[in-house]
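Chain and residue survey
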Amino acid sequence: MAAVDAQNPLRGETTCGSLLQQLQQIWDEVGESDEERDKMLLQLEQDCLDVYKRKVDQAAKSRAHLLQALADANVELSSLLSALGEKTFIGIPEKTLGTIKEQLAALAPVLEQLWKQKEEKIKEFSDVQSQIQKICGEISGSNEQVGSPVVNEADLSLKKLDEFQSQLQELQKEKSDRLHKVLDFVSTVHDLCAVLGMDFFSTVTEVHPSLNDSTGVQSKSISNDTLSRLAKTVLALKEDKKQRLHKLQELATQLIDLWNLMDTSQEERSLFDHVTCNISASVDEVTIPGALALDLIEQAEVEVERLDQLKASRMKEIAFKKQAELEEIFAHAHIEIDSEAAREKIMALIDSGNVEPSELLADMDIRIVKAKEEAFSRKEILDKVEKWMSACEEESWLEDYNRDENRYNATRGAHLNLKRAEKARILVNKIPALVDTLVAKTRAWEEDRGISFTYDGVPLLAMLDEYAMLRHDREEEKRRMKDQKKFHEQLSTEQESIFGSRASPGRPLGTKKVVGPRANGGANGTPSRRLSLNAHQNGARSTNKDGRRDSRSAAPVNYVAISKEDAASHISGTEPVPTSP
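How each quantity is defined
- Residues numbered from 1 in each chain as written.
- Predicted model: local features only at pLDDT ≥ 70, side-chain atom pairs only at ≥ 80, totals over all residues.
- Heavy atoms only, no water.
- Helix = DSSP H or I, 4+ residues; strand = E, 2+ residues; numbered from the N terminus.
- Buried < 20%, exposed > 50% of the residue type's maximum accessible area, 1.4 Å probe, protein only.
- Contact = heavy atoms within 4.5 Å.
- Areas by Shrake-Rupley, 256 points an atom, 1.4 Å probe, with all protein chains shown as cover.
- UniProt positions renumbered as here; feature names shortened; annotations may be inferred.
- Axes fitted to C-alpha atoms, helices over the stretch in contact; angles between N-to-C directions.
- Parallel < 35°, antiparallel > 145°, perpendicular 65-115°, else oblique.
- Nonpolar A, V, L, I, M, F, W, Y, C, P; charged D, E, K, R; others polar.
- Salt bridge = Lys/Arg side-chain N within 4 Å of Asp/Glu carboxyl O.
- pLDDT = per-residue confidence, 0-100.

Okay, the overall build of the chain next. From N to C terminus, the chain includes 18 helices and two strands. Counting across all 581 residues of the chain, residues that qualify as buried make up 34%. For the chain, the share of sequence-separated contacts (at least 6 apart) that also reach a separation of at least 24 residues comes to 75%. Put simply, the chain shows about 36,000 Å² of open surface, and 53% of that area lies on carbon and sulfur atoms.

Following this line, the structure appears as structure tokens:
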């Protein structure tokens, strides 16, 4: 019973002393010697020391483990704070306060919260880096499946996160810009394909399959290769558009030229309005779908070929039309040509077949251009010839008017004739200066070109010279008539003194009407545009003693030189009295 009690250390009354007392009693009963008793007591002491020592060692090891755990916790704390970029954290206990276990217990929730924050940071970094990695792959055009990005857990600071986010924003902006470029390119390709009559989907999918309309905007390829190929495609389509437009404009020009040559009706021309409407358009102005389709160009080519064949069969008609245009130019310029011989030559060339129709028409076009240039160089002189002839017509009318004895009577239209006579006298007074200017310009024209200036085949200077001579003769005749008038008046005065009456005035004998360049008309009285003088036959020119042309005589033949006596007769309403020679 005592042994059992001694083995039960959990009982409160069992102590080392009571156990030792029990041991003493047992030894006494057994009769152990003192020596044995001493040995056993020493052994007990040694066993107790060993137990204590083991307990102390265990306690020391436990303390060491706790200290290591505390140190590790502090290191982990420092590592987490460093990784998160935090210098401190709310809730971290002081290292010297409390036991080791208390310190560990205090650090546990802090570490747990920091680990949680670190995991959130890692996830955030991973998301940002994944987006960066994805956009970089889209820009590079890489289709490889890349795993999750590796996050540097040693640096999860806000500064590093801001750097990644800034990089992500730049990449997103670049992606947006690239996407806009891609969409612009695709839109341009669509417009160009529409104008050229090409299949848009097949064209754009050749660049990249993601560029068709079936895919979303964000799914379209924005890689460097895609942008480069789109740019090349746009350039190729623009060049194709430029070449097609040039070809179509050439065809349109040929069509219009052929239509004009063959007098094609407006109804037939309207069938190709879709071709000719772009004849002067620039490349950027052509935006109508199908305007430059290949079938349209082929249609225009077939029409040009058809008209070319038709033109060959109508060459004579076209050539004669151009010859008529040439003759009309020469007629307006008062240049005399042999029209019949020219037409016979054209007929001979066409019938011989030795000349290409296009070459013949081109040669006639050149002749028409040269004829227009020649007519333009003569225009200034011809305008002054027109003024001169008009002035001569007015001068001729004025002479007829002055010979009319009833011109001042109160007849119908008399006041209109009087006004016309006043204007005619002003115009006639300008004739000498006009003729002088005409002579000077004609001479300058002839010196510049080395040929004679003809008017309907007659040298103009010869016309002006003969006009001047006739004017000189007319002035002589006027002076003679003036002398006759004086003699007649003297004779009338003598007769009046003898017979008491004055002879009635009559038309002077031997007088005639001197005509201007337009007064020589036909049988119906129509004024001719050419002087009916001998200038064409002999080219007579009046010369002075020095052998030069007399510019003073460059006035119309029927120039009205109204003397004082004539003026007085106009006012009194009487005609000069003719006298017999």
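What follows picks up the thread again.
Another point: the UniProt feature "coiled-coil region" (unreviewed entry) in the chain. Summarizing the sequence annotation, UniProt attributes the feature "coiled-coil region" (unreviewed entry) to residues 154–181 in the numbering used throughout. With 86% helix and 0% strand, residues 154–181 has its two end C-alpha atoms placed 40 Å apart.

Next up on the list: the packing of helix 11 (residues 315–332) against helix 13 (residues 357–402). Two numbers describe how helix 11 lies on helix 13: the axes approach to 8 Å, and their chain directions differ by 10°. Between helix 11 and helix 13, the crossing angle belongs to the class labelled roughly parallel. In this structure, helix 11 uses Met315, Ile318, Ala319, Lys322, Gln323, Glu325, Leu326, Ile329, Phe330 and His332 to contact helix 13, whose residues at the interface are Pro357, Leu360, Leu361, Met364, Asp365, Arg367, Ile368, Ala371, Lys372, Ala375 and Leu382. Class assignment of the residues belonging to the contact of helix 11 with helix 13 gives a composition of 14 nonpolar, two polar and five charged.

Overall, the coordinates contain 19 salt bridges when judged by the stated rule. Here Arg306 makes a salt bridge to Glu268, at a shortest N to O gap of 3.1 Å. Taken together, the residues span a long stretch of sequence, with Arg306 in helix 10 (residues 294–313) and Glu268 in helix 8 (residues 266–269) at a distance of 38 residues. For Arg306, a relative accessible area of 37% translates into the label partly exposed. On the basis of relative accessibility, which here comes to 30%, the residue Glu268 falls in the partly exposed class. One salt bridge connects Lys441 with Glu380, and the closest N-O pair in it is separated by 2.9 Å. Of this pair, Lys441 sits in helix 15 (residues 431–449) while Glu380 sits in helix 13; the two residues are 61 residues apart in sequence, bridging distant segments of the chain. What makes Glu380 partly exposed here is its relative accessible area of 45%. Three or more residues joined by partner-sharing salt bridges are found here, namely Glu268, Glu303 and Arg306.

Tracing the backbone shows Asn74 in helix 3 (residues 34–84). Exposure remark for Asn74: the relative accessible area of 19% places this residue in the buried category. Spatially, the C-alpha atom of Asn74 lies 9.3 Å from that of Leu104, the residues being 30 residues apart in sequence.

This brings us to the confidence of the model for the chain. Taken over all residues, the pLDDT of the chain has a mean of 77, while the share at 70 or more is 79%. Overall, residues 1–7 carries pLDDT values under 50, and its contacts beyond four positions in sequence, including any with other chains, amount to six contacts. Overall, residues 518–581 carries pLDDT values under 50, and its contacts beyond four positions in sequence, including any with other chains, amount to 161 contacts.

Its location among the elements puts Leu245 in helix 7 (residues 224–262). For the pair Leu245 and Ser282, spaced 37 residues apart in sequence, the C-alpha separation works out to 8.5 Å. Apart from the residues lying within four places of it in its own chain, the contact partners of Leu245 are Asn278, Ala281, Ser282, Val283, Val286 and Leu292.

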